[in-house]
Amino acid sequence: MVKIAPSLLAADFTRLAEEVLKVEQGGADLLHLDIMDGHFVPNLTFGAPVVAALRQVSKLPFDVHLMITNPQDHINAFIKAGADLITVHAETHPHLHRLLQTIKDQGVRAGIALNPSTPLVTIEEVLPYVDMVLLMSVNPGFGGQQFISTVLDKIRRLRQMITERNLPVVIEVDGGINAETAPAVIAAGATILVAGSAVYGAVDAAQAIASLKGLD
Ligand code: DX5
Ligand code: ZN
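Residues numbered from 1 in each chain as written. Chains lettered and ligands numbered in written order. Predicted model: local features only at pLDDT ≥ 70, side-chain atom pairs only at ≥ 80, totals over all residues. Heavy atoms only, no water.

Caption draft 1: Just the environment of Phe78, in detail. Mapped onto the secondary structure, Phe78 falls in helix H3 (residues 75–81). Judged by its relative accessible area of 4%, Phe78 falls in the buried class. For Phe78 and Asp174, which are 96 residues apart along the polypeptide, the C-alpha to C-alpha distance reads 20 Å. Setting aside anything within four residues of it in sequence, one finds Phe78 in contact with Ile35, Gly47, Ala48, Val51, Val64, Leu66, Ala83 and Ile86. (Helix = DSSP H or I, 4+ residues; strand = E, 2+ residues; numbered from the N terminus. Buried < 20%, exposed > 50% of the residue type's maximum accessible area, 1.4 Å probe, protein only. Contact = heavy atoms within 4.5 Å.)

Printed below as a string of structure tokens:
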């Protein structure tokens, strides 16, 4: 039931293809790709050419998390690169309905992300148009940060909003997920957990993925 999306941000960048295959063979359900622009968040990562290159070596669904301003200018490049799911931040665009529709019109699943301080009401009107809501449980920009525990209540309230509206929307949580924080996140109603350091920092990635799923 619970899916794990290892974040490549915590991988060894000198061996990206191997690092992707390691989690693919280790039971990952999706690959989480953190795209940062040094503007919306205070850090830069990689862009569509890296995603396209990795598409050649992996069959995992690519979960592209855009932490960039002007996401509308880059969506097509990530779709062309092989994204299966594109998540945009609600804080980056005034016309979320149009933005999400642009993604979905091209046959790609669309997600909407919220920073820890952004209220759920921001996305209430677009909830029928998304496949996934990504709740950030750290301030985006860096891996290895500490889980913000007040997000647990936000997950519960979002789960309730989705249930009340009878929508097929899944909840993904990103930031500070490890074997200690995962059980509460799952109990609150998340079904996709992003994990960077907990998977790539572990000696055995497959074992780390199983333990996040609660299978060990
Ligand atoms: C943070 C990114 C996360 C990050 C998670 O801005 O969106 O996906 O890689 O890293 P950990 O799991 O180490 O907190
Ligand atoms: Zn992310």
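Caption draft 2: Structural view of the side chain of Thr181. Here Thr181 shows up in the loop between strand E7 (170–174) and helix H6 (182–188). Excluding its chain neighbours within four sequence positions, the residues that come into contact with Thr181 are Phe147 and Gly176.

Caption draft 3: A look at the coordination of the zinc ion (ligand 2). With distances of 2.0 to 2.3 Å, the protein atoms coordinating the zinc ion (ligand 2) are His32 (NE2), Asp34 (OD), His65 (ND1) and Asp174 (OD). Binding-site remark: the zinc ion (ligand 2) is held by donors from one chain whose sequence spacing is H-x1-D-x30-H-x108-D. In this pair, His65 sits in strand E3 (residues 62–67) while Asp174 sits in strand E7, placing the two residues 109 residues apart along the sequence. Its relative accessible area of 0% is what places His65 among the buried residues. Accessibility expressed as a relative area gives 8% for Asp174, which makes it buried. (Donors = N, O, S within 2.8 Å, 3.2 Å for Na, K, Ca; no water.)

Caption draft 4: View of the site of ligand 1. Of all residues adjacent to ligand 1, which total 20 residues, the nearest are Asp34, Gly141, Asp174, Gly196 and Ser197. Contact distances for ligand 1 include 3.3 Å between an oxygen atom and a side-chain N or O atom of His65. Calculation on ligand 1 without its partners gives an accessible area of 380 Å², and the protein chains cover 99% of this total. The element best represented in the shell around ligand 1 is strand E2 (residues 31–36), accounting for three residues. (Near = heavy atom within 4 Å. Polar contact = N/O pair within 3.5 Å; in protein donor to acceptor, adjacent residues only side chain to side chain. Areas by Shrake-Rupley, 256 points an atom, 1.4 Å probe, with all protein chains shown as cover.)

Caption draft 5: Focus on the packing of aromatic side chains. Evaluation of the coordinates by the stated rule reveals one aromatic pair. Taken together, a centroid distance of 6.1 Å and an interplanar angle of 65 degrees make the contact between Phe13 and Phe46 edge-to-face. Here Phe46 lies in the loop between E2 and helix H2 (48–55) and Phe13 lies in the loop between strand E1 (3–6) and helix H1 (16–25), a separation of 33 residues in the sequence. Under the relative-accessibility criterion, Phe46 is labelled buried at 11%. Above the plane of the ring of Phe62 lies Arg55, whose end atom (NZ or CZ) is 3.7 Å from the centre. (Phe/Tyr/Trp six-rings, centres within 6.5 Å; stacked < 30°, edge-to-face > 60°. Lys NZ or Arg CZ within 6 Å of the ring centre and 35° of its normal.)

Caption draft 6: Geometry of the UniProt feature "binding site: substrate" (unreviewed entry) in the protein chain. The residues that UniProt annotates with the feature "binding site: substrate" (unreviewed entry) are Ser7, His65, Gly141, Phe142, Gly143, Gly144, Asp174, Gly175, Gly176, Gly196 and Ser197. We classify Gly144 as exposed; its relative accessible area is 64%. Relative to the assigned elements, Gly175 resides in the loop between E7 and H6. Every residue in contact with Gly175, bar those within four places of it in the chain, is listed here: Ser137, Val138 and Phe147. (UniProt positions renumbered as here; feature names shortened; annotations may be inferred.)

Caption draft 7: Seen up close, the nonpolar core. Ile86, Ile155 and Leu158 are the most contacted members of the largest nonpolar core, which totals 65 residues. In terms of residue count, the dominant contributor to this core is helix H5 (residues 151–165) (six residues). Residues contacting Leu158, with those up to four places away along its chain left out, are Leu120, Ile123, Leu127, Val133, Leu135 and Ile171. (Core = buried A, V, L, I, M, F, W, Y, C linked by side-chain atoms within 4.5 Å.)

Caption draft 8: Fine view of the sheet that holds E3. In spatial order, the strands read E1-E8-E7-E6-E5-E4-E3-E2; together these eight strands make up an open sheet with parallel pairing. Either end of the sheet is taken by a strand with one partner, and the two such strands are E1 and E2. For this sheet the average axis-to-axis angle between neighbouring strands, irrespective of direction, equals 25 degrees. Summarising the sheet, E3 and strand E4 (residues 85–89) pair through four bridges and their orientation is parallel. Residue pairing across strands places Val64 opposite Ile86, the latter belonging to E4. Helix H4 (residues 96–104) contacts E4 and strand E5 (109–114) of the sheet and is inclined by roughly 145 degrees relative to E5. (Pairing = 2+ DSSP bridges. Axes fitted to C-alpha atoms, helices over the stretch in contact; angles between N-to-C directions.)

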